[in-house]
Amino acid sequence: MLVEIWSEGNNNQHIELKRELYKTAPTTEHWYISQEDNEIECWLGDKQIATQTLTNVLKSQGSIEFDLRDLAL
């Protein structure tokens, strides 16, 4: 599982390079978090899966849970 948090310092070329790299592993779950919103773009290999939000319990495809409800975001 990979989690990328994009900031203003990440340019589009850098972001696309990493996305393409992570898509090559079919069983790798990769999430992208933008500091500009509370949504998490989620992928499993090259297939996009359900988007999640930072205000809930996040669940990976492998049943790992991250409870973010009590965090001050």
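Anyway, here's the lowdown on the structure attached to this text.

## A short note on the sheet that holds strand β2 (residues 29-34)
Thought 1: A sheet is described by the order of its strands in space; here 4 strands give the open sequence β1-β2-β3-β4, paired in mixed fashion. Of all the strands in the sheet, the pair left with one neighbour each is β1 (2-6) and β4 (47-53). On average, adjacent strands in this sheet sit at an angle of 20° to one another, irrespective of strand direction.
Thought 2: Examined bridge by bridge, strand β3 (residues 39-44) and β4 share 5 bridges and lie antiparallel to one another.

## Details of the side chain of H30
Thought 1: Considering the arrangement of structural elements, one finds H30 in strand β2.
Thought 2: At a separation of 2.8 Å, a polar atom in the side chain of H30 contacts the main-chain carbonyl oxygen of G45.
Thought 3: Setting aside anything within four residues of it in sequence, one finds H30 in contact with L2, R19, Y22, K23, E41, C42, W43 and G45.

## Comments concerning helix α1 (residues 12-23)
Thought 1: An ideal rise of 1.5 Å per residue puts 16 Å on 12 residues; α1 measures up with 16 Å between its terminal C-alpha atoms.
Thought 2: Looking at α1, one finds that the buried residues are I15, R19 and Y22. All buried residues of α1 project into a common sector of 70° when viewed along the axis, lining one side. Along α1, the residues that are exposed and aim more than 90 degrees away from the buried face are Q13, L17 and L21.
Thought 3: The secondary structure elements touched by the buried residues of α1 are β1, β2 and β3.
Thought 4: In this structure N11 caps α1, since a side-chain oxygen of it lies 3.1 Å from the backbone nitrogen of Q13.

Rules used in this analysis
Here the residue numbering is sequential within each chain, running from 1 through the sequence in written order. With the structure being a predicted model, the display of local features is reserved for residues of pLDDT at least 70 and the display and counting of side-chain atom pairs for 80 or more, all residues being used for whole-chain, interface and lining totals. The side-chain quantities take in all heavy atoms of the structure and omit both hydrogens and water. We treat two strands as partners when DSSP finds at least two bridges between them. In this text, helices come from DSSP runs of H or I with a minimum length of four residues, and strands from runs of E with a minimum of two, each type numbered from the N-terminal end. Only the contacting stretch of a helix is used when fitting its axis, a line to C-alpha atoms as for every element, and angles between N-to-C directions run 0 to 180 degrees. Two N or O atoms form a polar contact when they lie within 3.5 Å of each other; inside protein one atom must be a possible hydrogen donor and the other a possible acceptor, and for residues adjacent in sequence the pair counts only when both atoms belong to side chains. Contacts are assigned to residue pairs with any non-hydrogen atoms lying within 4.5 Å of each other. Any helix carries an expected span of 1.5 Å times its number of residues minus one. In this scheme, a residue with accessible area under 20% of its type's maximum is buried, one over 50% is exposed, and one in between is partly exposed, where area comes from a 1.4 Å probe on protein chains only. The directions from the helix axis to the C-beta atoms form the arc being described.

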